[in-house]
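Fold and geometry: a report
What follows is each chain in one-letter form.
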Amino acid sequence: MSLIRLTVFNFRRNLRNYMSLVLALAFSVFIFFNFQCVLYSDSMDVLNNYNKDYIDLIVRALSVVFGVFLFFFIWYATNVFLNQRKKEIGIYIFMGLDNKRIGKMYALEALFSGLFSLTMGLGAGVVFSKLFQMLLLRISEISVDIKFSFSLKPILVTAAVFMMIYGLMVVKGYVSLVRSSVLDMLSGARQKEMKIEPALLTAVKVILGVGVLGAGYYCAVKTGDIDSLTYALAAVILVIVGTYFLYGGLIPWLVRKLTENKTYLYQKQRNLWVNNLAFRLKQNYRTYAIVTVLMICSVTVLGTSMALKQRYERSEHFRTTYTCQVVAKKEVDPDEIQKGIEEQNQVKYRSSIPILALDPEKIRSKYVSANYGITSESAIKSAAEEAGLTYGYTKLRDNECIHLTHIMLLSFMPEKNENVMIGDQEFKQIAESNVPYLGDLQNGLSVYVVSDAQYENLRSLGAVMYLYNFKFEDPDNLDASAPFLKSLAKKDKDRYVGVNMIRSEDKEGAWVRVMYSLCVFMFATLILACGSIIFIKLNNEAAEDVERYRILQKLGIQRNTLCRSMKNEIRFTYYCPFVLMVLTSYFSIHAVGTVMKENLIRINLLSAAAILVLFSMIYLISVRTFRKKVLDE
């Protein structure tokens with residue numbers, strides 16, 4: 001039998017054993033391909049009017065992140081695949097094959113697996129690319145028609161990236177086999193004897209795990225001020241290192257302590273799985289750490305996505321508080337403006353606010369702005385009441401003020417109230433408010449609210465401008481009133497300065513919506529990868545445990561007892577990383593919420609619940625697969 005025919009035979013015979021690997025790789029290819037379609041496919045040219053340059057930049061950044069993830073995922077998967085195949089491949093030495101030919105056979109078989117995964121992923125990507133883009137735009141709330149178009153470039157880029165990474169791992173496996181001895185191959189899939197670790201080294205790992213992880217949590221809590229980027233970077237590094245030491249030190253130490261407690265060990269058949277678990281933890285602590293870190297990343301990505309969505313929706317509500325705003329030099333009758341508007345549109349509510357425009361040289365604050373203004377407390381209260389906005393502040397003293405700000409997607413500035421100099425008077429800033437009292441114009445103005453008495457005293461510092469705000473019953477019908485509104489400043493330049501018309505559809509912010517939509521797909525990919533890694537790991541361990549379970553059966557241990565033991569061990573494999581993820585994700589989500597100025601506890605709980613449901617499903621599949629393999633059911 002030729003080498004190629006033998007390889008094809010082995011591939012077809014073992015395809016079912018590593019189908020989980022193939023499906024996980026195919027799904028990764030599917031997602032990466034659709035990311036490239038956003039960049040290169042003609043079907044997304046409709047986004048040219050929605051800041052496609054920003055969207056392309058985001059997709060490229062996410063593609064790089066996804067490529068790094070794909071590299072490590074393929075590295076782990078191919079290592080497991082190699083260990084599974086080593087013993088069987090090593091038998092071919094007794095058939096007269098040398099290491100190089102065995103290495104070639106492995107490389108061909110691994111290459112077939114990679115090509116099969118790539119073909120499945122690209123095939124599904126091409127078939128469902130339009131659906132993917134429709135879902136992306138639907139989640140992004142962008143209403144455009146998507147036409148199916150085929151482009152060769154996304155296929156070439158995806159295939160090149162995947163095969164470059166996968167080919168590198170195949171070459172690594174080939175070199176490993178060529179350099180392996182017969183004994184290494186035959187024992188490649190066999191458990192090695194666990195060596196007793198020195199107590200001092202274990203103590204160091206335990207202390208490092210707890211200390212470094214605690215430091216990571218502290219840095220996550222400290223995010224939110226001017227040093228947020230430094231703290232965030234430190235938190236990421238410390239959490240990864242701390243998780244590594246936790247699985248390499250503290251958790252195995254706790255399990256070993258359980259094995260030494262004979263009262264605990266000899267109850268409920270725990271001796272059948274706790275000792276084996278202690279060995280597994282020591283052998284696979286890197287895998288546990290990788291899965292936990294990926295789970296933390298997935299929850300953080302989803303939290304960031306939801307924070308962006310909430311922040312963007314609040315920003316949109318802020319921007320569209322009013323449909324049009326008229327700025328006048330002199331006080332005019334708002335009924336006159338409303339009468340002209342209502343020839344085409346009904347006005348839902350309106351407000352009028354006088355603003356004292358100040359020269360930047362006459363005010364000193366921590367904010368640098370080209371446009372400063374002052375308004376009175378009574379004017380803001382009246383406008384808030386007319387527009388149905390909240391005003392929850394007590395009556396201002398003559399030395400107090402409130403700064404009106406706008407909603408930002410993220411901010412690294414600490415929330416501190418600092419004194420403000422207006423003219424030659426110092427005011428104590430008691431609060432910053434992002435309630436849209438001034439509507440969309442509040443985005444470009446730095447306005448301070450002072451008491452009525454102080455407003456009258458400061459009028460000599462600048463010129464008073466009058467802001468008239470109107471909210472339409474049907475904001476989408478703004479264009480019908482546009483000719484009248486534009487004519488105000490043209491016909492009466494002595495009274496009117498200009499008109500600000502706010503469209504209900506924000507074309508400039510489409511990149512934000514696409515960004516949080518892509519983050520949802522990243523979350524799904526990372527979580528499925530975590531489940532796949534554990535499933536592949538358990539599949540490999542099932543091959544190792546066949547002989548052990550057969551011996552236990554021959555010793556007379558009942559099948560139901562073995563099944564319970566098996567479930568307990570598999571349950572720990574899935575839920576130990578989950579528990580640590582829940583703990584760590586609280587701090588990571590807290591950090592994201594602090595920067596985004598959003599409360600994400602609900603998102604944290606929902607994402608944890610979604611992961612729990614998914615892992616429970618994969619757990620049940622793993623139990624069934626493991627049982628069939630080791631108990632010959």
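Here is what the cut-offs are and how they apply
- Residues numbered from 1 in each chain as written.
- Predicted model: local features only at pLDDT ≥ 70, side-chain atom pairs only at ≥ 80, totals over all residues.
- Heavy atoms only, no water.
- Helix = DSSP H or I, 4+ residues; strand = E, 2+ residues; numbered from the N terminus.
- Buried < 20%, exposed > 50% of the residue type's maximum accessible area, 1.4 Å probe, protein only.
- Contact = heavy atoms within 4.5 Å.
- Areas by Shrake-Rupley, 256 points an atom, 1.4 Å probe, with all protein chains shown as cover.
- Salt bridge = Lys/Arg side-chain N within 4 Å of Asp/Glu carboxyl O.
- Phe/Tyr/Trp six-rings, centres within 6.5 Å; stacked < 30°, edge-to-face > 60°.
- Pairing = 2+ DSSP bridges.
- Axes fitted to C-alpha atoms, helices over the stretch in contact; angles between N-to-C directions.
- Parallel < 35°, antiparallel > 145°, perpendicular 65-115°, else oblique.
- Left-handed = near helix turned anticlockwise from the far one by under 90°.
- Expected span 1.5 Å × (residues − 1).
- Core = buried A, V, L, I, M, F, W, Y, C linked by side-chain atoms within 4.5 Å.
- Patch = residues over 30% accessible without salt bridge, like charges linked within 9 Å, V, L, I, M, F, W, Y side chains within 5 Å.
- pLDDT = per-residue confidence, 0-100.
- Polar contact = N/O pair within 3.5 Å; in protein donor to acceptor, adjacent residues only side chain to side chain.
- Arc of directions from axis to C-beta.
- Nonpolar A, V, L, I, M, F, W, Y, C, P; charged D, E, K, R; others polar.

Below, the discussion takes up the overall build of the protein chain. Regarding its fold elements, the protein chain presents 17 helices and 10 strands. Going through the 633 residues of the protein chain one by one, you find that 51% of them count as buried. Summarising the internal contacts of the protein chain: among those between residues at least 6 apart in sequence, 85% fall at separations of at least 24. Of the roughly 30,300 Å² of accessible surface on the protein chain, a fraction of 60% belongs to carbon and sulfur atoms.

We now examine the pattern of salt bridges. Where side chains of opposite charge bring their charged atoms close, a pairing between them can arise. The full count for this structure, using the stated rule, is seven salt bridges. Of the charged contacts in the structure, one is a salt bridge between Lys-381 and Glu-377, with a shortest N-O distance of 3.8 Å. With Lys-381 and Glu-377 both in helix H12 (residues 377-387), this residue pair falls four residues apart, about one helical turn. Residue Lys-381 is classed as partly exposed on the basis of its relative accessible area of 36%. In this structure, Arg-503 engages Asp-479 in a salt bridge whose closest nitrogen and oxygen atoms are separated by 2.0 Å. One end of the pair, Arg-503, is in the loop between strand S10 (496-501) and helix H15 (510-554); the other, Asp-479, is in helix H14 (residues 478-491), and 24 residues separate them in sequence.

The next thing to look at is the packing of aromatic side chains. Inspection of the entire model under this criterion finds 12 aromatic pairs. Aromatic side chains Phe-162 and Tyr-166 sit 5.5 Å apart centroid to centroid with 15° between the ring planes, which places their arrangement in the stacked category. Here the residue Phe-162 and the residue Tyr-166 both occupy positions in helix H5 (residues 152-178), the gap between them amounting to four residues, near one helical turn. Residues Phe-162 and Tyr-166 agree in their burial class; the two are buried. One aromatic cluster is present, built from ring pairs that chain together Tyr-574, Tyr-575, Phe-615 and Tyr-619.

The subject of this paragraph is the pairing of strand S1 (residues 324-328). Counting buried positions along S1 yields five of five residues, so the element is predominantly enclosed. Of the two faces of S1, the one carrying Cys-324, Val-326 and Ala-328 and the one carrying Gln-325 and Val-327 are both buried. In this sheet, strand S9 (residues 463-472) lies alongside S1 in antiparallel orientation, the contact comprising five bridges. Across the sheet, the residue bridging to Val-327 is Leu-467, located in S9.

With mixed pairing, the 10 strands of this open sheet are ordered in space as S3-S6-S7-S5-S8-S4-S2-S9-S1-S10. In the strand order of this sheet, the two ends are held by strand S3 (363-364) and S10, each with one partner. Here 10 bridges tie strand S2 (residues 347-358) to S9, and the two strands are oriented antiparallel to one another. Bridged to Leu-356 within S9 is Val-464.

So, on to the packing of helix H10 (residues 274-319) against helix H17 (residues 601-630). One can describe the packing of H10 onto H17 by two numbers: an axis separation of 10 Å at closest approach and a directional angle of 135°. The angle between H10 and H17 falls in the class oblique. The element H10 and its partner H17 pack so that their crossing is right-handed. Facing Met-295, Ser-298, Val-299, Leu-302, Gly-303, Met-306 and Gln-310 of H10, the residues of H17 in contact are Ile-603, Asn-604, Ser-607, Ile-611 and Phe-615.

Further remarks concern helix H7 (residues 199-221). With 23 residues, H7 should reach 33 Å at 1.5 Å per residue; the first-to-last C-alpha distance of 33 Å fits that figure. Every buried residue of H7 is accounted for by Thr-202, Lys-205, Val-206, Gly-209, Val-212, Leu-213, Gly-216, Tyr-217, Cys-219 and Ala-220.

The next thing to look at is the environment of Met-501. Considering the arrangement of structural elements, one finds Met-501 in strand S10. Sequence separation of Met-501 and Asp-479 is 22 residues, and the distance between their C-alpha atoms is 9.1 Å. Among residues more than four places away in sequence, those in contact with Met-501 are Thr-323, Cys-324, Leu-478, Ala-482, Leu-485 and Lys-486.

Bringing the nonpolar core into the picture now. By size, the foremost hydrophobic cluster in this structure holds 116 residues, and its most contacted members are Tyr-574 and Ile-611. Examining the composition of this core, we find that 20 residues originate from one element, H15, more than from any other. Contacts of Ile-611, omitting those with residues within four sequence positions, involve Met-295, Ser-298, Val-299, Phe-523, Ile-527, Phe-578 and Met-581. Grouped together as the second largest cluster of nonpolar side chains are 30 residues, Tyr-372, Cys-401, Val-464 and Tyr-468 included.

Let us now look at a nonpolar patch on the surface. Nonpolar side chains collect at one region of the surface, where Leu-233, Val-236, Ile-237, Ile-240 and Val-241 lie side by side and expose about 420 Å² of accessible area between them. You can see Leu-233 is positioned in helix H8 (residues 228-260). Take Leu-233: its relative accessible area is 55%, and that puts it in the exposed class.

The next thing to look at is the confidence of the model for the protein chain. Averaged over all residues, the pLDDT of the protein chain is 79; the fraction at 70 or higher stands at 83%. Below a pLDDT of 50 lies the segment residues 189-194, which in the model reaches 11 contacts outside its immediate sequence neighbourhood of four places, other chains included.

This part is about the side chain of Gln-442. Along the chain, the position of Gln-442 falls in the loop between strand S7 (425-433) and strand S8 (446-450). Within the structure, Gln-442 has its side chain in polar contact with the backbone nitrogen of Tyr-437 (distance 3.2 Å). Beyond its immediate chain neighbours, meaning those up to four positions away, Gln-442 contacts Phe-318, Leu-404, Thr-405, His-406, Ser-433, Asn-434, Val-435, Pro-436 and Tyr-437.

Our next topic: H12. All of the buried residues along H12 are Glu-377, Ala-379, Ile-380, Ala-383, Ala-384 and Ala-387. All buried residues of H12 fall inside an arc of 165° around its axis, so they share one side. Packing partners of the buried residues in H12 comprise S2, strand S4 (372-376), strand S5 (400-404), S8 and helix H13 (452-457). Trailing H12 by a residue or two, Gly-388 shows a phi angle of about 75°, which is positive.

To continue, consider the packing of helix H16 (residues 559-596) against H17. Put simply, H16 and H17 touch, their axes get as near as 10 Å, and they point 160° apart. The pairing of H16 with H17 is recorded here as roughly antiparallel in orientation. For H16 against H17, the interelement crossing comes out right-handed. Class assignment of the residues belonging to the contact of H16 with H17 gives a composition of 20 nonpolar, four polar and three charged.

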